Amino acid sequence: MRQFAGLTIIFLLSSLIFTGCNIEQKKQKTQEKMNMKRTLFGETDGNQIYQYTFTNINSMSVSIINYGGIVTHLIVPDREGNLQDVVLGYDNLQQYLDNNSPYFGAIAGRYANRIARGKFSIDGTEYQLATNNGTNHLHGGLKGFDKVVWDVEDFIFPDSAGVVLTYHSPDGEEGYPGNLLTKVIYTLNNNNELRIDYQAETDQPTVLNLTHHSYFNLKGQGNGNIYNHQLQIFADHYIPVDETLIPTGELNPVEGTLMDFTAPMEIGKGIHQVDGGYDHTFVLNNFDGNVREVARVIENQSGRLMKVFTDQPGMQFYSGNFLDGSITGKESKVYMQHYGFCLETQHFPDSPNQPAFPPTLLRPGEKYQTTTIYRFEVFD
Ligand code: GLA
């Protein structure tokens, strides 16, 4: 934040010298404290879906709906203070319901990413999950957490505000054992951070891997592809996969490969030499249960910089490979291939079948608790 404040001050001072009148407009945009607005977004199966919009003192705002826990809008200042929506999505609920959204802005679960053939065993009992991605299970199945209605409570403090989303997933849902009580807390603060806290408890042993699936484009949603974004991922290894995107079980060094984002690299540099684009799990360095910075994305045109922090062991970098121009999203923007990227912090795919991977088993009496933060800054 200090850096952000520093950059903001430098920017404000230089603007003062060169464009005195602009400053006035910027001041008008900035508000004194966190603000909240709630509007009806639509209805599904007799449930009212609300859109909560929180705006911080820097005019950054996030809009979240209680269907799928979807972040529908994330409006972030650029280096000049201009606001743009940096996530892909739809304008209304009906489109999320009709268009088979590719998880735009949603919470993915119970198990985000893939489980081979949808099968795993716990204590000698085999479970069969819904298979919805060829022969595999993906992002929780046919009706995952991205397609359910969450209970919602809002909160607002001077420096932060957000929603607590709660969902009771019944025993057997999509094939998973155990009644699972899940809470996802989205918080926007005045440091331009969108923080996501995930919590869960079960009454039977089960597996769990929750993530957030926003498609970012720091130039503004629908404003072209992401090739010029410079990505840095603090990961010395990635997870090689078979042709159905199931891990082989190895962890490969990124060094000397197109997966080497240890120093910032333009996404466009290697994307055409990787089959269809990036859709890989990175093994994040320094996994010890604490939140640490794991990635940065820099976009020169806008001066936006996004930093990702998490306590998770892995992160799926997905470069919007399956977008193909068939989706018309917000403000009638057509989403072509590679128009957005996801940085999905999570456990490794297929962990329930990979004894060498960090475990994703949750037993009764244990608390699942993880945190991810997306922080926005600007640079000159
Ligand atoms: C994830 C997967 C991708 C794709 C997208 C949704 O990121 O890894 O293969 O399924 O979700 O389209």
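Residues numbered from 1 in each chain as written. Predicted model: local features only at pLDDT ≥ 70, side-chain atom pairs only at ≥ 80, totals over all residues. Heavy atoms only, no water.

1. Points about the pattern of salt bridges
For the structure shown, the criterion picks out 9 salt bridges. A salt bridge links Asp123 to Arg363; its shortest N-O distance comes to 3.0 Å. Here Asp123, found in the loop between strand 8 (119–122) and strand 9 (125–128), pairs with Arg363, found in the loop between strand 28 (361–362) and strand 29 (368–378); they are 240 residues apart in sequence, far enough to count as distant. The residue Lys367 makes a salt bridge to Glu201 at a minimum N-O spacing of 3.8 Å. Residue Lys367 is found in the loop between strand 28 and strand 29, and its partner Glu201 is found in strand 14 (residues 193–202); the two are separated by 166 residues along the sequence. The class for Lys367 is exposed, based on a relative accessible area of 62%. A residue is classified by how much of its surface remains accessible, and Glu201, at 38% relative accessible area, is partly exposed. Salt bridges here are not isolated pairs; linked through shared partners, they connect Glu193, Lys307, Arg375 and Glu377. (Salt bridge = Lys/Arg side-chain N within 4 Å of Asp/Glu carboxyl O. Helix = DSSP H or I, 4+ residues; strand = E, 2+ residues; numbered from the N terminus. Buried < 20%, exposed > 50% of the residue type's maximum accessible area, 1.4 Å probe, protein only.)

2. Considering the site of the ligand
The local shell around the ligand consists of Tyr103, Arg114, Leu138, His139, His213, Tyr215, Leu245, Asp279, Gln316, Tyr318, Phe322 and Glu344. With respect to the ligand, the side chain of His213 contributes an N or O atom lying 2.9 Å from an oxygen atom. The separation between an oxygen atom of the ligand and a polar side-chain atom of Gln316 is 3.3 Å. Bound to the protein, the ligand loses 95% of the 300 Å² it would expose on its own. (Near = heavy atom within 4 Å. Polar contact = N/O pair within 3.5 Å; in protein donor to acceptor, adjacent residues only side chain to side chain. Areas by Shrake-Rupley, 256 points an atom, 1.4 Å probe, with all protein chains shown as cover.)

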